Structure formats: C-alpha cells, structure tokens
Amino acid sequence: MYSIIVVPPPTTQDERQGTRFRLAPGERLAFGRSAADNELVIGHDGVSRRAGEITAHGAFWILSNLSARQTYVVDNPEGAGEHIKVGPGRLDAPVPFEFSRIVLPAAGDLLPIEVWAPRHDYLCGPHGADGDPTAPAFCLDRSKRYYAVLTALCEPRLRGDPHAPLPTVDQVVERLRPTWPAASRASVQWNIDYLAVKLRLKPAPEAAEAGPRLNGKKEALVSLALRFDLVREDDLALLAARVVR
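About the cut-offs
- Chains are numbered independently. Their residues run from 1 in the order of the written sequence.
- Residues qualify for local features only when their pLDDT is at least 70, as the model is predicted, and side-chain atom pairs are given and counted only at 80 or more; totals for whole chains, interfaces and linings, by contrast, use all residues.
- The side-chain values count all of the structure's non-hydrogen atoms but skip hydrogen atoms and water molecules.
- Here a helix means four or more residues in a row that DSSP labels H or I, a strand means two or more in a row labelled E, and each is numbered from the N terminus.
- Partly exposed describes any residue whose relative accessible area lies between the buried limit of under 20% and the exposed limit of over 50%, with all areas from a 1.4 Å probe on protein chains only and scaled to the type maximum.
- Note on contacts: a residue pair is in contact if any heavy atoms of the two residues lie within 4.5 Å.
- In this description, the arc belongs to the directions extending from the helix axis to the C-beta atoms.
- When DSSP locates at least two bridges between a pair of strands, those strands are taken to pair.
- Axes, fitted as lines to C-alpha atoms, cover a helix only where it is in contact. Angles between the N-to-C directions of the axes lie from 0 to 180 degrees.

(A) Structural view of the environment of Tyr 194. In this structure, Tyr 194 sits in helix H4 (residues 185-198). When its relative accessible area of 0% is taken as the criterion, Tyr 194 is described as buried. Those residues in contact with Tyr 194 that lie beyond four places of it in its chain are Glu 98, Phe 99, Trp 116, Ala 117, Pro 118 and Tyr 146.

Structure (structure tokens):
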C-alpha cells in the first residue's frame, strides 16, 4: 500500500490534470526540469535538470537535494513556521511532518511541491507477540486541523438529529474560526479533500480517470466517521478548545 502522496506544483501539466504521485515504502520519485531524467517534470527554467528525489519510508519520507546551488525549504503548513532546510547536495534528509511543502526557489519564483504522509504506524499488542501486527483501519490524529474539520461536519448529527443536513463549507469556516482564526473556504476544502484521500474514499488517479468523480464527499466522510466511531460526541469539546501545535 502507498504511504506517501506527492502533489505537483501548479506550473506543471500534471497538476492541471489533477495527477498525484503515490509512493509505496521504498519507492522513489525524481523531480526536475528534464523529462528524460524525472518522473515529475517541472517545466521551469529556474529548476535544475535533476533537482531532487523523494523516497517513501513507511510513515515518513526523505528528500535528496540534487541541485548544485539551491537550498530547499520544507515547511509544515500545520505548524507555526516550523520548517527544515535541505542544502545543495544533501542526500536522504528525513522529513517528519505529516503535511509538507517543499519550496523550490526558481528564478524569482517559489514553486511548492506538497507531500502528504497520511500513514500512521502503531504498536499493536504486547512486545514480543508472535505473528504480524494488525494494521490500524483508520489513522486519525485528533490534534490536527483535518480532525477539527471532520468533527464540525459531524456535529449536527452528533447533537441528536441523525438526518440533520450537513454544514456548508462556509458554516464550517465560521464554526472553526474561534479556535482557528485563519480558517478559510480554501483551507477547509483542502482538509476535506485530504480526509477523502486519507480515509480512502477517493479513488486512485487511474481509477478516477476511468470512472465518475466522487460526489457527496462530505456525506461519505460523515457517514464513515459516525459508522466507525471515528468522531464521538465527546470529541465535540475539541471545537471549543484551541489545539496547541
């Protein structure tokens, strides 16, 4: 199963087509300007022909900077300015963030490559138990903003009406703004899209091209969350308390 999802920068044809690269543990994705040397081609004169390489390692990933002069910055969009720097020629730098944005300086432009690491590994059973560990069915971190978005979507039905209409994106923004002042339509929608991928409600790109788009995304998320107790009534307290990151 894949563990890393790479979203190309908006200057690439892949992004306009909605392509995302999915890497299983051990798989690599080379990126750069040259179509002959890279799977992810970034058609910008300011990007090195062989700019870098992303390698999936289970629940995290590593970045190699193959450029001769440029330092890459990897931001944590969920953090308060949290980032790491990967200098020119640095190989196999581990990236610990679940959401990451590689920022490539490119002749006056800053090109973002998003990398998602939605897989979480947990210890199952006592140490030394025989047999393979049981993989968790759903990996959700209650401290993350995506979980606050999911909780806000589930709130009307958790408060006693199982058939209550789901809140709109604008209503979710207003509900979360006291604890997340920077919330916006774009950020809430981004988290809804991420949840659809994380909870495997969104098909892989090759399946999506052959079949219809996923409609009723919010309904599908709420139905899954309530059916499997991914969000409970007790979790509504998260909507009233700012999460420390």
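(B) Structural context of helix H6 (residues 217-227). Within H6 the residues assigned to the buried category are Lys 217, Leu 221, Val 222, Leu 224 and Ala 225. Seen from one end, H6 has its buried residues packed into an arc of 165°, which puts them on one side. Directly beyond the C-terminal end of H6, a positive phi value near 55° is found at Asp 229.

(C) Region of interest: the sheet that holds strand E2 (residues 21-23). The sheet built from 6 strands is open, its strands ordered E2-E1-E11-E10-E7-E8 with antiparallel pairing. If you trace the sheet from one side to the other, it starts and ends with E2 and strand E8 (83-86), each paired once. The mean angle between the axes of side-by-side strands here comes to 25°, regardless of whether they run parallel or antiparallel. With 8 bridges joining them, strand E10 (residues 99-106) and strand E11 (residues 109-116) adopt antiparallel strand pairing. Among the inter-strand pairings, Phe 99 is bridged to a residue of E11, identified as Trp 116. Set on the sheet, H4 makes contact with strand E1 (4-7), E2, E10 and E11; between it and E11 the angle comes to about 40°.

(D) Region of the structure containing the sheet that holds strand E5 (residues 52-57). Strand order in the open sheet formed by 5 strands is E4-E3-E5-E6-E9, with mixed pairing between adjacent strands. One side of each edge strand has no neighbouring strand; the edge strands of this open sheet are strand E4 (40-41) and strand E9 (93-95). Of the pairings in the sheet, the one linking strand E6 (residues 60-65) to E9 comprises 3 bridges and is antiparallel in character. Within the sheet, the bridge partner assigned to Trp 61 lies in E9 and is Val 95.

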